[in-house]
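Fold and geometry: a report
So you can see what is in the structure, the chains are spelled out below.
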Amino acid sequence: MEFMAGSSQGRPFIPIWRISQTLKQTGFHAETPEVCMLLKCQTPDLETCGEPVGSAFTKFEDSLSGTFGTSYVFPQIVLSGSQLAPERHCEVDYIFWLNTQQEANPVLRASSLDTFIAAVYEHAVILPNATLVPVSPEEALAVMNRNLDLLEGAVTSASKEGAHIIVTPEDGIYGFNFTRESIYPYLEDIPDPQVNWIPCNNPDRFGHTPVQQRLSCLAKDNSIYIVANIGDKKSCNASDPQCPPDGRYQYNTDVVFDSKGKLVARYHKQNLFLNEDQFNAPKEPEVVTFNTTFGKFGIFTCFDILFHDPAVTLVRDSRVDTILFPTAWMNVLPHLSAIEFHSAWAMGMRVNFLASNLHYPLKKMTGSGIYAPDSPRAFHYDMKTEEGKLLLAQLDSHPHPTPVVNWTSYASGVEAHSVGNQEFTGIIFFDEFTFLELKEIGGNYTVCQRDLCCHLSYKMSEKRSDEVYALGAFDGLHTVEGSYYLQICTLLKCKTTDLHTCGDSVETASTRFEMFSLSGTFGTQYVFPEVLLSEIQLAPGEFQVSNDGRLFSLKPTSGPVLTVTLFGRLYEKDSAPNTLLDLTTQALRLNPKTDAWKSK
C-alpha cells in the first residue's frame, strides 16, 4: 500500500465490522474475506484501530492496491461524517478492498479514474508599463499579483465545476517583450521537484518565492492541479564554460503544483522563439512527466511543438496520456492558427492536449482548447473582445489506442493524371508551394513537389465565380523563425480570384464541400490533419483519418471551408544554418505582408 498524508481537513471510514455484517446479511458468504484498508484509529492508542470513528481532519493522496486472489473486489471510500466521496476525489481518503478468494490474482488500484475534468484558461494578460527597463522587485511583484488575481478567479471557478487540473498560458503572469536585464526582477529560484516542497506551507525554504507560494496555496485551497509559466534563475560561475557573462541562467519555465500545493513538475523551455533573448535554453532537452490518478502527463511550451524534442519524445518514448501546453501563440493562416494546429497535433500524435493561450488580439494571440485524439472537446477563438475565457471538458484519462496510420499507403497507389502547364507557384509563410486551381465543382486532382505528391477528391456544394480554391504541395526546409523540414498537402481558399493570392491569410469563405478526401506520399509518420472552416472554426466530428493515410469528410461540411491540410514533419531533415536563418529572419521582420509570427 502506498499513500501520502498532507495537512488539511480529512475524513474517516465506516468501520469494517459494519461492512462485513452488511455482506452476510445480504446473503454474500464471506467466511474469510481479504481486506486491504487504510483507516483512522479512534485515538492515538493503536488498540483503538478498527473502532467506530465519526470524524477526521487528515486528507490523503496516492493509491491503495492488493494482490487479491479474485476478481470480486469492492472499493469503498468513506469520508468524515460517513459521507461517500464523489468521483473527482477518488484519489484521496480511505479505501477498502474486500474479496472472497474465488479467482486468480489481479492487482487492482483503487484510486485510478477513467475520466477527468480538464480546464484551460485563455488569459487576457496585464502587461507592465515598461518591459525594456529594469524595475524594482516590488514593482515586478505588483504586476504579477494583478495577473495572479485574474488567474485565481479562473482557478476557483474551475474547481467549483469539478476540474482536476487547470492550465494557464505562457507569459501569463508577467507578459512579454523583455530584455535579459529587465526580466530579472520577475524571476524566482525554482527548485527541482524532487525536494518534496509545498511552498504554501514553507515559503522561505528556497529564498523569496512569493509567486510559487501563491500558486501553491491556490492549488491547495482549491484541491486542483495548477499549471503555470514563470521565470527561473540559476546562478553559475567560471567553472561552467557555458555560464552566461552575467553569472546566471534564466529559463522560461513551466511549473505544476498538485492538489495539495506540492511542486510536482518543472520544465525549462527548450526551443526558444527568436525574440526570447532574455532566456537561456537548457543544455539538453528536458523530458518532464508526472503521474496522477487520472493519467500520466507531459509538458512543453509553445514553439517546442514544432520540434522533435521534447514533444515527440514525451509521446513516443514516455507514453504520456495528456500533454500540458502553456503558449503565447500568434496565429498565422492558413496552417498555423492555434486551434487548428494544436487540435491536429493531438490527433496526429493520438494524445490528449490541453492548450492555454494568451488573449492579446493586438498580436493575434487567441486560440485555446481541450483536445482529445479523435476530436476537440472544447475550443475558443476570439479576436473581437478583450476578455479571458475558461474552458472545461471531460477527457479519458487513458485515451484508447488507435491503429498507426500508414501515411503513404493510399497515395502511393494513385495514378497521377497529367495537367499540362496548369501548375503555378504561391507563397505560404515564405515557403514556395506548387498549386493547381480547382476549376470544376468536383473532381480528382494531383499536384507534386519533389518527393511529395498530393491527391485530392472533392465535391463542392456549388462552384462560385467569386471564390477560387487550389490544391498545393510543399516539400522542403522552412528557414524563417526556425529551421524545420515540412511536407504539406493542402486544399485552401485563395484570398481573391487572382491566383497570386493563393496562400495569403484568409479568414472567411462561402463555399461548402459535400465531400473531400486528401492524401499524400509522405516520407514521415508524423502528419497532422487540419480542417478549418470560415471564421476560424474547427469541424469536430466531421472528418476522419483512415489507416491508409486519407483525410476524408464524414458528412458535408457544417460551414464554408478555409483549408483542409495534411501537415507533415520530417524531423530527421531539420538543420539550422546560421547565415540562412539570419537572412530569413531579417526578411520576416521587414516583409510588409507578414504582420504576425506563428508562435513563441
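Above this text is the structure in question.
Right, let's walk through the structure included here. (Residues numbered from 1 in each chain as written. Predicted model: local features only at pLDDT ≥ 70, side-chain atom pairs only at ≥ 80, totals over all residues. Heavy atoms only, no water.)

Bringing the packing of aromatic side chains into the picture now. Evaluated as defined, the whole model comprises 33 aromatic pairs. The interplanar angle of 80 degrees and the centroid separation of 5.1 Å between the aromatic rings of phenylalanine 303 and phenylalanine 307 together place this pair among those described as edge-to-face. Taken individually, phenylalanine 303 and phenylalanine 307 each receive the classification buried, so the pair is uniform in this respect. Pairing phenylalanine 433 with phenylalanine 474 gives two aromatic rings, centres 5.2 Å apart and planes at 25 degrees, and the pair type is stacked. Taken together, the residues phenylalanine 433 in strand β22 (residues 431-437) and phenylalanine 474 in strand β25 (residues 469-479) connect sequence positions 41 residues apart. When sorted by exposure, phenylalanine 433 lands in the same class as phenylalanine 474, which is buried. Grouping aromatic residues by their ring pairs yields a cluster made of Phe300, Phe325, Trp329, Phe341, Trp345, Phe353, Phe528 and Phe567. Over the ring of tyrosine 410 we find arginine 550; its NZ or CZ atom is 5.0 Å from the centre of that ring. (Phe/Tyr/Trp six-rings, centres within 6.5 Å; stacked < 30°, edge-to-face > 60°. Buried < 20%, exposed > 50% of the residue type's maximum accessible area, 1.4 Å probe, protein only. Helix = DSSP H or I, 4+ residues; strand = E, 2+ residues; numbered from the N terminus. Lys NZ or Arg CZ within 6 Å of the ring centre and 35° of its normal.)

Here we come to the pattern of salt bridges. On inspection of all chains with the given rule, the structure shows 16 salt bridges. Between arginine 316 and aspartate 317 there is a salt bridge, with its nearest N and O atoms 3.0 Å apart. Overall, the relative accessible area of 40% leaves arginine 316 in the partly exposed class. Its salt-bridge partner being arginine 569, residue aspartate 574 comes within 2.7 Å of it at the nearest N-O pair. Under the relative-accessibility criterion, aspartate 574 is labelled partly exposed at 25%. Among the residues examined, arginine 569 registers a relative accessible area of 1% and is labelled buried. Salt bridges sharing partners connect three or more residues here, namely Asp149, Glu152 and Arg214. (Salt bridge = Lys/Arg side-chain N within 4 Å of Asp/Glu carboxyl O.)

Spatial ordering of the open sheet is given by β13-β12-β11-β10-β9-β20, a layout of six strands whose pairing is mixed. Pairing within the sheet leaves two strands with one partner each, and these edge strands are β13 (263-268) and β20 (389-396). Each neighbouring strand pair of the sheet contributes to a mean axis angle of 35 degrees, computed without reference to strand direction. Pairing analysis gives eight bridges linking strand β9 (residues 115-122) to β20, with the strands arranged antiparallel. Among the inter-strand pairings, glutamate 122 is bridged to a residue of β20, identified as lysine 389. (Pairing = 2+ DSSP bridges. Axes fitted to C-alpha atoms, helices over the stretch in contact; angles between N-to-C directions.)

Moving on to the sheet that holds strand β18 (residues 368-371). Read across the open sheet, the six strands follow the order β14-β15-β16-β17-β18-β19; overall the sheet is mixed. Both edges of this open sheet fall to β14 (289-292) and β19 (376-380), since each of them pairs with a single strand only. Across the sheet, the axes of successive neighbouring strands diverge by a mean angle of 15 degrees, strand direction being ignored. Two elements, β14 and strand β15 (residues 295-299), share four bridges in a ladder whose sense is antiparallel. The residue bridging threonine 289 from the neighbouring strand is glycine 298, located in β15.

Counted under the stated rule, the structure contains six disulfides. Across a sulfur-sulfur distance of 2.0 Å, cysteine 454 and cysteine 489 are joined as a disulfide pair. Linking cysteine 454 and cysteine 489, the disulfide has an S-S dihedral of approximately -80 degrees and is accordingly described as left-handed. Residue cysteine 454 is located in strand β24 (residues 452-460), and its partner cysteine 489 is located in strand β26 (residues 483-493); the two are separated by 35 residues in the primary sequence. The pair cysteine 454 / cysteine 489 is uniform in exposure class, with both members buried. A sulfur-sulfur distance of 1.9 Å marks the disulfide that ties cysteine 494 to cysteine 502. Between cysteine 494 and cysteine 502, the disulfide has an S-S torsion of 85 degrees and is therefore right-handed. (Disulfide = S-S within 2.5 Å.)

With that settled, consider the nonpolar core. Note that soluble globular proteins tend to have their nonpolar side chains buried in a common cluster. If you look at the biggest cluster of nonpolar residues, it comprises 116 residues, and the most contacted ones within it are Phe300, Ile323, Leu324, Trp345 and Phe353. Among the elements that make up this core, the one with the highest residue count is helix α6 (residues 338-349) (eight residues). With residues up to four places along the chain from it excluded, the contact list for leucine 324 reads Ile165, Val167, Val227, Val256, Phe290, Phe297, Gly298, Ile299, Phe300 and Leu354. Ile183, Leu187, Val211 and Ile226 belong to the second-largest nonpolar core, a separate cluster that totals 33 residues. (Core = buried A, V, L, I, M, F, W, Y, C linked by side-chain atoms within 4.5 Å. Contact = heavy atoms within 4.5 Å.)

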